[in-house]
Amino acid sequence: MINDVKKIVILAEQKKGKIHKVTYELLGKAAELIASFPEGQFEKDVIVLGSDQLNLDEILHHGADKIYHIAANSFDMPDEWLYKENICELLKQIQPEMLLVGATTFGRSLAPRIAAALETGLTADCTELMIDTDGKLIQIRPAFSDNILAHIKTETLPQMATIRYKEFAPAEWTDEVNGEIIKVDAYVKGNELIEILEELEESEFDISDAHIVISAGKGIKSKEDMKMIYELAECLKADVGASRAIVDEGYIDKSHQVGYSGNRVKPSLYIACGVSGAPQHLAGMKESDVIVAINSDASAPIFEVSDYGIVGDVYKVVPMLIERLRSKEI
Amino acid sequence: MYEYRNMDGMLIKELKAIVGEDYVITEHDNVVSYLYDETEPRLRPAANEDCVVVKPRTTEEVSKIMALADKNKQTVVVRGGGTGLCGAAIPTEPSLILSMERFKEIIDLDDKNFIITLEAGVTLGEMNEFLKTKDVLYFPCHPGDESAQMGGLVVENAGGARAVKHGVMRNHIKGVELVLPNGKVMNLGGKLQKNNAGYDLLQLIIGSEGTLGIVTKVMLKLYPESKFTGTLLVSFDSYDQATEAATKTLQSGIIPLSIEYLDRQIALRSAEHLGEKWPLQKGNVDLMFILSEDSEDALFDVGGMIEEICEVVGAVESLIADSSKDQARILNIRSNTYTASKSSILDSMDITVPPAQMPALMHGFSSIAEKYHASIDTVGHIGDGNVHNNIYLVDGEIPPYYEEMKEELYKLAIQLGGSITGEHGIGKIRRKNLPLQFDEIQINLMRGVKELFDPNNILNPRTAIY
Amino acid sequence: MNIAILIKQVPDMERVKFDCERGLVDRSTAGVEINPFDLNALEAGVNIAESKGCESVVLTMGPPRGADSLREGIARGASRGILLSDRAFGGADTKATSKTLAAALKKMGVPEIILVGEKTVDGDTGQVGAEIAEFLGIPHISYIEEILNISENDITVVSNIFDGKFVKKAKFPVLLTVTKDLNVPRLPSFKSKSIARKAEIPTWSLEELSDFIEKEEVGIKGSPTKVRKIVVPKAESRVCKKEKDNIENFLDEMIGDLIEKNVLEG
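Residues numbered from 1 in each chain as written. Chains lettered and ligands numbered in written order. Predicted model: local features only at pLDDT ≥ 70, side-chain atom pairs only at ≥ 80, totals over all residues.

Along chain A, the regular secondary structure elements total 8 helices and 18 strands. When the backbone C-alpha atoms are referred to their principal axes, chain A occupies close to 70 × 50 × 40 Å. By residue count, 52% of the 330 residues in chain A fall in the buried class. (Helix = DSSP H or I, 4+ residues; strand = E, 2+ residues; numbered from the N terminus. Buried ≥ 20, exposed ≤ 12 C-beta atoms within 10 Å, placed from the backbone.)

Turning to helix α13 (residues 358–371) of chain B, a few remarks are in order. Residue and element names in this part refer to chain B. With 14 residues, α13 extends 20 Å between its outermost C-alpha atoms, agreeing within 8% with the 20 Å of an ideal straight helix rising 1.5 Å per residue. Contact partners of the buried residues in α13: α8 (239–251), β17 (376–381), β18 (386–392) and α14 (402–415). Looking one or two places after α13, you find His373, whose phi comes out positive at around 50°. (Expected span 1.5 Å × (residues − 1). Contact = placed C-beta atoms within 7 Å.)

This paragraph deals with the domain arrangement of chain A. In terms of domains, chain A is made up of domain 1 (6–185) and domain 2 (207–328). Measuring from the centre of the C-alpha atoms in domain 1 of chain A to the corresponding centre in domain 2 of chain A gives 37 Å. (Domains from an automatic or database assignment.)

Across the boundary between the two partners, chain C contributes 67 residues, which contact 70 residues of chain A. Elements supplying a minimum of two residues to the side of chain C that touches chain A: α3 (94–108), α4 (128–136), β9 (140–150), β10 (154–161), β11 (164–171), β14 (225–231), β15 (241–243) and α6 (247–260) of chain C. Broken down by class, the residue content of the side of chain C that touches chain A amounts to 31 nonpolar, 13 polar and 23 charged. Here strand β10 (residues 148–154) of chain A runs beside β14(C); their pairing, made up of 6 bridges, is antiparallel. Considered in β14(C), the bridge of Ile152(A) is made with Val227(C). (Nonpolar A, V, L, I, M, F, W, Y, C, P; charged D, E, K, R; others polar. Pairing = 2+ DSSP bridges.)

Our next topic: helix α1 (residues 36–52) of chain C. All names here are of chain C. Here α1 is 17 residues long and its end C-alpha atoms lie 25 Å apart, about the 24 Å a rise of 1.5 Å per residue gives. Burial runs high along α1: 12 of the 17 residues are buried. Every buried residue belonging to α1 is among Phe37, Asp38, Leu39, Asn40, Ala41, Leu42, Glu43, Ala44, Gly45, Val46, Ile48 and Ala49, and all of these are buried. Looking one or two places after α1, you find Gly53, whose phi comes out positive at around 65°.

This part covers the sheet that holds strand β8 (residues 113–117) of chain C. Ordered in space as β13(A)-β11(C)-β10(C)-β9(C)-β12(C)-β8(C)-β1(C)-β6(C)-β7(C)-β13(C), the 10 strands form an open sheet in which the pairing is mixed. Strand pairing shows two members of the sheet lacking a second neighbour, β13 (194–200) of chain A together with β13 (203–204) of chain C, which therefore form its edges. Pairing of β10(C) with β11(C), which is carried by 8 bridges, proceeds in the antiparallel orientation. Paired with Asn160(C) across the bridge in β11(C) is Lys165(C). Taken strand by strand, helix α2 (residues 66–75) of chain C contacts β1 (2–6), β6 (55–61) and β7 (80–84) of chain C, and its axis lies near 160° from that of β7(C). (Axes fitted to C-alpha atoms, helices over the stretch in contact; angles between N-to-C directions.)

On to the sheet that holds strand β6 (residues 115–119) of chain B. Residue and element names in this part refer to chain B. Ordered in space as β5-β6-β10-β8-β9, the 5 strands form an open sheet in which the pairing is antiparallel. The open sheet has two free edges, formed respectively by β5 (106–110) and β9 (185–189), since each of these has just one partner strand. The average angle at which neighbouring strand axes cross in this sheet is 10°, direction not considered. Examined bridge by bridge, strand β8 (residues 173–179) and β9 share 5 bridges and lie antiparallel to one another. Bridge pairing links Leu178 to Met186 in β9. Where helix α3 (residues 59–71) meets the sheet, its contacts fall on β8, β9 and β10 (214–221), and the angle it forms with β8 comes to roughly 50°.

When the domains of chain B are assigned, the result is domain 1 (9–102), domain 2 (106–224), domain 3 (228–335) and domain 4 (342–436). One C-alpha centre belongs to domain 1 of chain B, the other to domain 3 of chain B, and the line joining them spans 41 Å.

So, on to the interface of chain B and chain C. At the junction of the two partners, chain B supplies 16 residues and chain C supplies 13 residues. Residue assignment for the side of chain B that touches chain C shows that the elements contributing at least two residues are α10 (296–313), β15 (317–321) and α11 (324–335) of chain B.

Turning our attention to the nonpolar core. Burial of nonpolar side chains together is a common tendency in soluble globular proteins. Val54(B), Val154(B) and Val218(B) are the most contacted members of the largest nonpolar core, which totals 122 residues. Counting residues in each nonpolar core, the second largest holds 119 residues, with Val46(A), Ala4(C), Ile34(C) and Tyr143(C) among its members. (Core = buried A, V, L, I, M, F, W, Y, C linked by C-beta atoms within 7 Å.)

Now for the pairing of β8(B). Residue and element names in this part refer to chain B. β8 sits mainly inside the fold: 7 of its 7 residues count as buried. The pairing of β8 with β10 spans 6 bridges and is classified as antiparallel. Looking at the pairing, Glu177 lines up with Lys217 of β10. The hairpin turn running from β8 into β9, its antiparallel successor, is 5 residues long, and Gly183 in that turn takes a positive phi close to 100°.

What follows is the structure, encoded as structure tokens:
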């Protein structure tokens, strides 16, 4: 099946039929990379493993040229070995130039197995991809606990990378669909060595893993008033944090406490509502990517570490924020 | 919205003219964050809520504020990190609360004279972070809560762990910039190793609990960082074994950075509070030796000697942490013992005796607790003769025996040649106990000093002296 | 049963300095320590070995001073250590590293359980474990939070992966990558540390591994990925956009910004 058109292959992850959104971001990036080559030189293909019934139209609407659907029910469970066996078999036919995998937990566990099986290099957790003058991929990734960015090139094929979620804009959804779905029966359906017994129920709460934290401080006057904090959190699918004062008052359980003697959090968004910003609290959250503070005291230390500061009554500003987020249906 | 009632509107206007509109806080909702420190809730005085918070940025602004306050005979209470344990920063009458939180600059690191100059609002944690990036020098004193600010550490003469080898804050403060209650600015001390001219006013300011002047800058002595440090954790079945081991170690001539004592329950509570695990499992009472030596071999030689002493006394387990992370974790658990137990503690005392009297003090605690059928547990700087014995609330209430038992504990300390407070200070909660330790003549001398510095008695009145 | 724990000596990240101007990483003033994630692997390995009464071996690849981290591993309960050290191993990427470690494990006789930390704090790739498993042709389970059962032929664990927690059972031999949630690493006893400080550590060079790996497969030669450039981004100091009058407008603009920055979705 080798022909002149080169391929960027994206490995899509699905769970219970739901495609992981990083797939669309990778399609967006792939389109951008392809644009630096003469037209028609590259196509962007997607490999998905999953049950026979999988609906893959969304991927087509995001611009995939070919979708290879390897079908078997056993792909509902995260079995790296089984995935690897099937993917490598298919890749023998596709012979891609580049292979991109979302850096989800499963992607990070699966990609190195594939890379090792293909005897190729793999760059972990990239935050940017570019095409060099020689047409090769420059893979940019943070290292040393995010203190440096390394530019990496791979000398073997395929050039393989895992890519962080939410780094790239997703490909635009288009009405028109040009791609096709190619269904393949699974090459290998079972695994003697690993047995996945069950998926456990939702785990206990751990705020240090939160992506978004809405945090309440002394500006919140009663346990009852925590409601608006929960409402705001719900709008953003966020977790609720609290300063020590709020925990000491008994408004919320200690597991929500953010600070030096609590949990250290590093979410992509931290919204501090009525938190004045005692050093003990700042120590637990100042590394967050984006910080928003709402406080009526314009000189509150929390503003020193914030990107957005709203000087106002938290009882007025939080409802305003909720209203706006609801109307945007984020 | 609740507005400040008793303060002259004119005064507020003038304050705003000095520091800017945003830095004078009058709304009750925002003022309340500035009313209390970490003093035990049942011991602390009720704060007077008729207060205004002012947040100056420069010494000049502080000077103007004080001149204005002095002219108007307006009470001023200085506030640092709010980590104090004697209520010194709690305003008990309508006050201007002067928060030093904007004094954040690290002014100079003099790596030739080993001196760092900082503004008073820099926290202990921020200074330590800064020094870490500079590698060579470190500050040995570690009074616990790292959000404590420099100004507060100076005027409260904070102590904490690691004092066995290097002493308390007083031993490291080289100089301060001070604003007097009338607004005059002066510099005390300096980089000199020797200075014998006149009375040493700097020493008077250290430990003055915000009653004599406002510290705006601080100069601290630093030390070359020793490359090889280790924390040796040893556990025992009983308190008298642990006490004996600590005393014998000191008497053998070994000088660790610190020797800390922890009743196991206290350590476990703190670890749980932090979501950590206390490494020791056997025994009931733990000692924590922080060692600092010039080579790894020396570290293990000294550790070996201590372990041998402990073993003879009856140690049941001994662990060593020598990575900076493990040591920081353990110290953090030790530093959070008070916070972790705060909700159930009535009084976390800090009696101090000469180190060799420690066994007698611990026996005294035990028999006094027995007499009142009280539960007391102990954590603290046993190597300095300074321990915190915690008296607990009973069913959420102050037990009837509390005052009597406390006085008995204080008297025990004095009888052993000790002090009623080793590091927390007198503040507003121990003033009436001061005559146990000082006679009228000494207290009158202190009163005279206060009057000389602050004739209008505007700066933190009814604090530190009786 | 045999257990191997793979560890890496890393710089103390709190002390590593980054030079924005020249794009350099300065480790000279930083001490070294065992990669913190590997301590959880070590604790798990030592626990299993103690309960099964078997041997646990710590392995590391690196310069000669890597022996110190093996001694630390022994102080914390491992039976012995093996250092893989050779100039030829230098400059290895994850593939060459994995191949070399896999070769050493083959030379030992592939242990029933191989434990590794989920990632290292310097390289930060988290790839080596899975690659070794593939090179050994054995299964692996990642992100282990709990070990539920160990029987004669298999192990049952909880793996935090795929947006959930999965109970997986693997036949031996198996490679397991563990998370920090699995356990709390112990401190060494003073006595065991004092003894371990003096422990002899055998070193395996390329020569010792020659039956299991070619010289083209190790070090920089065996590494298909090459770092072309290092950029040290300047630490951004935050500038707060503050508003107290026109809050409605400000919120609209802020929400717009946040959508653009892709941070509004949990």
